[in-house]
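Residue-level listing of the chains:
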Amino acid sequence: MTGKPRHIGVAERRARLGLRQRLVAAARAKTPEEVADSLVALHGTDPATVYLAVGARLRDARTTVARVERALYEDRSLVRMHGMRNTVFVFPTGLAAVVHASTALDIAAKTRAGLVKDLAAGSDGRLTGPWLDEVEASALAALARRGQATVNELTGDEPRLKEQFVYAAGKSYESVQTVSSRLMRLLGTEGRVVRGRPLGSWTSSQFRWAVAPPHPPLPPAEARSALLNRWLTACGPATEADLKWWTGWKVTDVRRALAASGAVTVSLDDGVTAYVAAGDEGPVEGPDAPWAALLPALDPAPMSRPDRDWFLEPSLRPALFDRSGNVGPTVWWDGRVVGGWAQRPDGDIVWRLLDTGVGREALDAISAEAGRLGAWVGDTRITPRFRTPLERELSAQ
């Protein structure tokens, strides 16, 4: 692209978000796989987020739980794995090797070195690197024999998984940790094991484990370019700072990936430089009508970047985020966050507007989305893993 970069204003950014992330009713998807493909990554730290994020974007939300479970545990068209920023996400299976090569391998190397160091320091040298190698080989062999297993089942086969060590001795955050929890997370980051079905309902965070098929090797630079291009298509325009935050990469890797992918420079308000995927620099028209959405805690729309001022008034953040920067359930109207929602103990979905500059059309549309959400959630009770001020207040009403 030559000449002055095209300017993309807030209205177009909101239109792109609503259409690309399937929040506009007319753009809703038929399948969970289509949703995941459009979003690139579904935040999986809280298991309920995956289902709620998909359900908000499906044409027939009533089928959400059954179809997501089938995709994750039968068809294996979606995979839950560690990715950017050492966080658990759900990705389209076809993207798993790209995430592994671009991001997870570097994280895994640092994680393994850190675990070996922590084991030795927290056990007075009793638990060593070679000792860890023996334990993980034994645990993986037991897992292969079983097919799927819980951590408790694996500790029955390999009792050394129960060994404990002191983490950060003498620090204010000192704690006693168990080898099993750290090791299974490490093996997941390395792509050697994968989470299977949960022990309870779809909101449970206790999973079975299985040996993972190996990822096909990809050159890391090629994988970074491919992942960045996918994310820009779903979430662009984005600044260099946005991309560095989302990927967790070094800024030099972000810049190389931008160059390799052919990303196109555009300008945002206040002259800020940003990027869109090659071929995506043309104008995007907004949807035919304004849209409403109730999105879950940690949803990809608000969690996809650190710069949120163009869709979220800074004054609303204290009510909607916890102290660590995790977003709670949000209410959206036509491309911006206008409030939050929660589920009460009796199952009712309740919501509150924090932005009073909306009219009757918005109120009716938001109420309809709350009814749609409540209809498919049914008897399930949802408590976000990371509680936020407004969610706590609403759920207690």
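Since this is a predicted model, take the numbers as computed values, not measurements.

A.B. asks: Quick rundown of the overall build of the protein? Include the residues and the values.
C.D. replies: Along the backbone of the protein there are 15 helices and 13 strands. C-alpha extents for the protein along the principal axes are approximately 65 × 55 × 45 Å. The proportion of buried residues among the 397 residues of the protein is 52%. Expressed as a percentage of contacts within the protein between residues at least 6 apart in sequence, the contacts between residues at least 24 apart total 64%. Of the roughly 17300 Å² that the protein leaves accessible, carbon and sulfur atoms contribute 50%. Of the side-chain charges in the protein, 51 are positive and 46 negative, and the distance between the mean point of each set is 2 Å.

A.B. asks: Account for the pairing of strand 13 (residues 349-353), with residues named and values stated.
C.D. replies: Bridge count for strand 12 (residues 336-343) against strand 13 is 5 bridges, and the pairing is antiparallel. Among the inter-strand pairings, Ala 342 is bridged to a residue of strand 13, identified as Val 350. The loop that links strand 12 with its antiparallel partner strand 13 comprises 5 residues; one of these, Gly 347, has a positive phi angle of about 100 degrees.

A.B. asks: How would you explain the sheet that holds strand 3 (residues 88-92) if you had to name every residue and give the values?
C.D. replies: Spatially, the 3 strands line up as an open sheet ordered 1-3-2, and their pairing is antiparallel. Each end of this open sheet is capped by a strand with a single partner; those strands are strand 1 (42-43) and strand 2 (78-82).

A.B. asks: Quick one: what's the story with the pattern of salt bridges, residue by residue and with numbers?
C.D. replies: In this structure the tally under the stated criterion is 31 salt bridges. Its salt-bridge partner being Asp 37, residue Arg 230 comes within 2.8 Å of it at the nearest N-O pair. Of this pair, Arg 230 sits in helix 9 (residues 220-235) while Asp 37 sits in helix 2 (residues 32-39), placing them 193 residues apart in sequence. For Arg 230, a relative accessible area of 26% gives the class partly exposed. Overall, the relative accessible area of 43% leaves Asp 37 in the partly exposed class. The partner of Glu 158 in a salt bridge is Arg 160, and the shortest N-O contact between them spans 3.0 Å.

A.B. asks: Give me the nonpolar core: which residues, what numbers.
C.D. replies: In terms of nonpolar packing, the biggest core is built from 37 residues, with Leu 42, Tyr 51, Leu 52, Trp 202, Leu 294, Leu 373 and Trp 376 touching the most fellow members. When residues of this core are traced back to their parent elements, those giving at least two are helix 2, helix 3 (47-55), helix 4 (64-73), strand 10 (292-295), strand 11 (330-333), strand 12 and helix 14 (360-377). Dropping the residues within four chain positions of it, Tyr 51 is found in contact with Thr 64, Val 65, Val 68, Glu 69, Leu 72, Tyr 73, Trp 202 and Trp 376. With 32 residues, the next largest nonpolar core counts Leu 227, Trp 231, Leu 243 and Ala 277 among its residues.

A.B. asks: Talk me through the sheet that holds strand 12; I want residue IDs and the actual numbers.
C.D. replies: To summarise the sheet geometry, strands pair through backbone hydrogen bonds and adopt either a parallel or an antiparallel arrangement. The strand order across the open sheet formed by 4 strands is 10-11-12-13, and the pairing between neighbours is antiparallel. At either end of the open sheet lies a strand with only one pairing partner, and these are strand 10 and strand 13. Each adjacent strand pair in this sheet contributes to an overall mean axis angle of 30 degrees, direction not counted. In terms of strand pairing, strand 10 meets strand 11 through 4 bridges, oriented antiparallel.

A.B. asks: Give me the lowdown on the packing of helix 6 (residues 129-146) against helix 8 (residues 179-189), citing residues and values where you can.
C.D. replies: Running from amino to carboxyl end, helix 6 crosses helix 8 at an angle of 75 degrees, the nearest separation of the two axes being 11 Å. As far as their axial angle goes, helix 8 and helix 6 are roughly perpendicular. Here Trp 131, Leu 132, Val 135, Glu 136 and Leu 140 of helix 6 come into contact with helix 8, specifically with Val 179, Leu 183 and Leu 187. Considered class by class, the residues forming the contact of helix 6 with helix 8 number 7 nonpolar, no polar and 1 charged.

A.B. asks: So what's going on with helix 9? Which residues, and what values?
C.D. replies: Taking 1.5 Å of rise per residue, the 16 residues of helix 9 would be expected to cover 22 Å, and the 22 Å separating its terminal C-alpha atoms lies within 8% of that figure. Elements that come into contact with the buried residues of helix 9 comprise helix 1 (10-20), helix 2, helix 5 (96-122), helix 10 (240-247), helix 11 (251-261) and strand 9 (273-276).

A.B. asks: Please provide a residue-by-residue account of the packing of aromatic side chains, values included.
C.D. replies: Applying the stated criterion across every chain yields a total of 8 aromatic pairs. Measuring from ring centre to ring centre gives 5.4 Å for Trp 231 and Trp 246, while their planes differ by 35 degrees; the resulting arrangement is tilted. One end of the pair, Trp 231, is in helix 9; the other, Trp 246, is in helix 10, and 15 residues separate them in sequence. Considered together, Trp 231 and Trp 246 belong to a single accessibility category, that of buried residues. The structure contains a cluster of three or more aromatic residues connected by ring pairs, namely Trp 291, Trp 310, Phe 311 and Trp 332. Sitting over the face of the ring of Trp 245, Arg 85 holds its NZ or CZ atom 4.3 Å from the ring centroid. Above the ring of Trp 245, the side-chain terminus of Arg 308 is found at 5.9 Å from the ring centroid.

A.B. asks: Quick one: what's the story with the side chain of Glu 190, residue by residue and with numbers?
C.D. replies: As for its position among the elements, Glu 190 is in the loop between helix 8 and strand 6 (193-198). Residue classification places Glu 190 among the buried positions, given a relative accessible area of 17%. Within the structure, the side chain of Glu 190 is placed 3.2 Å from the side chain of Arg 192, a separation counted as a polar contact. Ignoring any residue separated from it by four or fewer positions in sequence, one finds Glu 190 in contact with His 100, Ala 108 and Arg 112.

A.B. asks: Would you mind going over the side chain of Gln 343 in detail, with residue names and values included?
C.D. replies: With respect to the helices, strands and loops of the structure, Gln 343 is situated in strand 12. A distance of 3.4 Å separates a polar atom in the side chain of Gln 343 from the backbone oxygen of Gly 347. One polar contact links the side chain of Gln 343 to the main-chain carbonyl oxygen of Thr 380, over a distance of 2.9 Å. Once residues lying within four places of it in the same chain are set aside, the contact partners of Gln 343 are Asp 348, Ile 349, Val 377, Gly 378, Thr 380, Arg 381, Ile 382 and Ser 395.

A.B. asks: Tell me about the environment of Asp 46, residues and numbers included.
C.D. replies: Here Asp 46 shows up in the loop between strand 1 and helix 3. In this structure Asp 46 comes out as buried when scored by relative accessible area, which is 7%. Taking the C-alpha atoms as reference points, Asp 46 and Thr 128, separated by 82 residues in sequence, lie 32 Å from one another. Once you skip the residues sitting within four places of it in the chain, Asp 46 turns out to touch Leu 298, Thr 383, Pro 384 and Arg 385.

Rules used throughout
- Residues numbered from 1 in each chain as written.
- Predicted model: local features only at pLDDT ≥ 70, side-chain atom pairs only at ≥ 80, totals over all residues.
- Heavy atoms only, no water.
- Helix = DSSP H or I, 4+ residues; strand = E, 2+ residues; numbered from the N terminus.
- Buried < 20%, exposed > 50% of the residue type's maximum accessible area, 1.4 Å probe, protein only.
- Contact = heavy atoms within 4.5 Å.
- Areas by Shrake-Rupley, 256 points an atom, 1.4 Å probe, with all protein chains shown as cover.
- Lys, Arg positive; Asp, Glu negative; His and termini not counted.
- Charge placed at Lys NZ, Arg CZ, Asp CG, Glu CD.
- Pairing = 2+ DSSP bridges.
- Salt bridge = Lys/Arg side-chain N within 4 Å of Asp/Glu carboxyl O.
- Core = buried A, V, L, I, M, F, W, Y, C linked by side-chain atoms within 4.5 Å.
- Axes fitted to C-alpha atoms, helices over the stretch in contact; angles between N-to-C directions.
- Parallel < 35°, antiparallel > 145°, perpendicular 65-115°, else oblique.
- Nonpolar A, V, L, I, M, F, W, Y, C, P; charged D, E, K, R; others polar.
- Expected span 1.5 Å × (residues − 1).
- Phe/Tyr/Trp six-rings, centres within 6.5 Å; stacked < 30°, edge-to-face > 60°.
- Lys NZ or Arg CZ within 6 Å of the ring centre and 35° of its normal.
- Polar contact = N/O pair within 3.5 Å; in protein donor to acceptor, adjacent residues only side chain to side chain.

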